[in-house]
Amino acid sequence: MNTKQLLSLAVGALISTSLLATGKQEAINDVTDKMELQSADEVQVTASKERQLPETLSSGNIASQGYASAQSTFPGYSASNINDGDRNTTVGGNYSWANGHTYTADGRLPNWVQLSYRSERSFSKVVLYTSRGYELRDYDIQVRSGQNWITVVQQRGNTSVSRVHTFTPTNGTIIRVLALRGPNNQYIYGRVNELEVYEDAQNLALNATATAQSTFSGYSPSRVNDGNRNTRVGGAYSWANGHKYTPDGRLPQWLQLSFGRLERISKVVLYTSLGYEIKDYDIQVWNGNRWTTVVTQRGNTSVQRTHTFAPIYGSKLRVIGRRGPDNQYIYVRVNELEVY
Ligand SMILES: [Ca+2]
Ligand SMILES: [Ca+2]
């Protein structure tokens, strides 16, 4: 046995005594409880797609904005350890949450620990840190959406101390870890040391209907929300106004997305044609009564621009193209329009 193994043995012994440090220590082998994993109420399983959204769309870890609570907590442990920003995976009450098992009411697995938010969020990724040597083996990640819990992750047989889960953006006010089974060496306890939560807004444009005041022959408004960000010039990739070839085709011209319902909007990413960048434009949002201008852009020469603004609710969004590039100022071109 080398030094490292000795050390890990010693640490292991320390850990097992400090674990249940309330004097009510219990040998794992004595636990004969039959683990009956109840199914969570009305759980809906969504496809958990391994879709990695661009990092630029991530608004950062929002775990600290949530309120941490748990179904039960082992004495000396705390739910607030899961969002204190400390990723330390050391086992013990200073670093993690653990369920109460028999020492609290309602403490047996399955048991949940959760983060609640004041307003709806769009959850799309979590990073779960559990305790080294006591990794949470089986768990679900669930989002409270209206009256339902939506299961966005089902993890079984985990032995990793941290795990990244990316899933279809899911709106809700609570995200929770439903601990189903602890590690084989202590299966009655689920431990969570840190839960990082990320949201990625859904691109609302993808489900919108695109129309335009006029369209140049061979071009189409539908190019702006086909999910293709290709910035090549041409009708296969973009919308352009009709100019004199269509009635009412001269600038200014509008290009519009209709969402079919009110959406919360705070960001637009506009892709135009490389070499023919739209120079002057406004972006406006329709709230059912009037248009509000949220972006006024002049002198643009970038093929892609991200505009963020104070969140506004609207059922339509439009780009008013005012002037094309200096080399072709009578045409405005939009290749893709993303709305978040
Ligand atoms: Ca922590
Ligand atoms: Ca496109």
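Residues numbered from 1 in each chain as written. Chains lettered and ligands numbered in written order. Predicted model: local features only at pLDDT ≥ 70, side-chain atom pairs only at ≥ 80, totals over all residues. Heavy atoms only, no water.

An unreviewed UniProt entry lists the protein under the name F5/8 type C domain-containing protein, with Pleionea mediterranea given as the organism.

1. Side note on the overall build of the protein
Counting its regular elements, the protein contains one helix and 18 strands. Counting all 340 residues of the protein, 49% fall into the buried class. About 16300 Å² of surface is accessible on the protein, with carbon and sulfur atoms providing 46% of the total. (Helix = DSSP H or I, 4+ residues; strand = E, 2+ residues; numbered from the N terminus. Buried < 20%, exposed > 50% of the residue type's maximum accessible area, 1.4 Å probe, protein only. Areas by Shrake-Rupley, 256 points an atom, 1.4 Å probe, with all protein chains shown as cover.)

2. Observations regarding the nonpolar core
Leu 115, Ile 175, Val 177 and Val 197 are the most contacted members of the largest nonpolar core, which has 27 residues in total. Contributions of two or more residues to this core are made by strand E5 (111-129), strand E6 (138-145), strand E7 (148-155), strand E8 (162-181) and strand E10 (194-200). Broken down by element, the residue count for this core peaks at six residues, all from E5. Not counting the four nearest positions on each side in its chain, Val 197 is found in contact with Gly 60, Asn 61, Ile 62, Ala 63, Leu 115, Tyr 117, Phe 123, Lys 125, Val 126 and Ile 175. The next biggest cluster of nonpolar side chains, apart from the first, holds 26 residues, and it includes Ala 208, Val 285, Phe 309 and Ile 312. (Core = buried A, V, L, I, M, F, W, Y, C linked by side-chain atoms within 4.5 Å. Contact = heavy atoms within 4.5 Å.)

3. Considering the coordination of the calcium ion (ligand 1)
Protein-derived coordination of the calcium ion (ligand 1) comes from Asn 81 (O), Asp 84 (OD), Asp 86 (O), Asn 193 (O) and Glu 194 (OE), at a distance range of 2.3 to 2.5 Å. Counting gaps between the donor residues of the calcium ion (ligand 1) yields the pattern N-x2-D-x1-D-x106-N-E. Placement of the pair is Asn 81 in the loop between strand E3 (67-70) and strand E4 (97-98) and Glu 194 in strand E10, with a sequence separation of 113 residues. Residue classification places Asn 81 among the buried positions, given a relative accessible area of 9%. (Donors = N, O, S within 2.8 Å, 3.2 Å for Na, K, Ca; no water.)

4. Quick word on the coordination of the calcium ion (ligand 2)
For a metal with four tetrahedral donors the ideal donor-metal-donor angle is 109.5 degrees, whereas six octahedral donors ideally subtend 90 or 180 degrees. Within the protein, Arg 223 (O), Asp 226 (OD), Asn 228 (O), Asn 335 (O) and Glu 336 (OE) serve as the donor atoms for the calcium ion (ligand 2), at 2.2 to 2.5 Å. Along the chain, the residues that donate to the calcium ion (ligand 2) are spaced as R-x2-D-x1-N-x106-N-E. According to the relative accessible area criterion, Arg 223 is partly exposed, its value standing at 24%.

5. Re the side chain of Ser 131
As for its placement among the helices and strands, Ser 131 is situated in the loop between E5 and E6. For Ser 131, a relative accessible area of 0% gives the class buried.

6. So, the environment of Leu 255
Following the sequence through the fold, Leu 255 ends up in strand E13 (residues 253-271). Sequence separation between Leu 255 and Arg 318 is 63 residues, and the spatial gap between their C-alpha atoms is 5.4 Å.

7. Some words on the pattern of salt bridges
Going through the model one piece at a time under the given rule, you end up with nine salt bridges. Across the salt bridge formed by Arg 137 and Asp 138, the nearest N and O atoms sit 3.7 Å from each other. Arg 137 sits in the partly exposed class, given a relative accessible area of 28%. Asp 138 sits in the buried class, given a relative accessible area of 10%. When the shortest N-O distance is used, the salt bridge between Arg 298 and Asp 282 registers 2.9 Å. Taken together, the residues Arg 298 in the loop between strand E15 (291-297) and strand E16 (304-323) and Asp 282 in strand E14 (residues 280-286) connect sequence positions 16 residues apart. For Arg 298, a relative accessible area of 42% gives the class partly exposed. The exposure class assigned to Asp 282 is buried, which follows from its relative accessible area of 6%. (Salt bridge = Lys/Arg side-chain N within 4 Å of Asp/Glu carboxyl O.)

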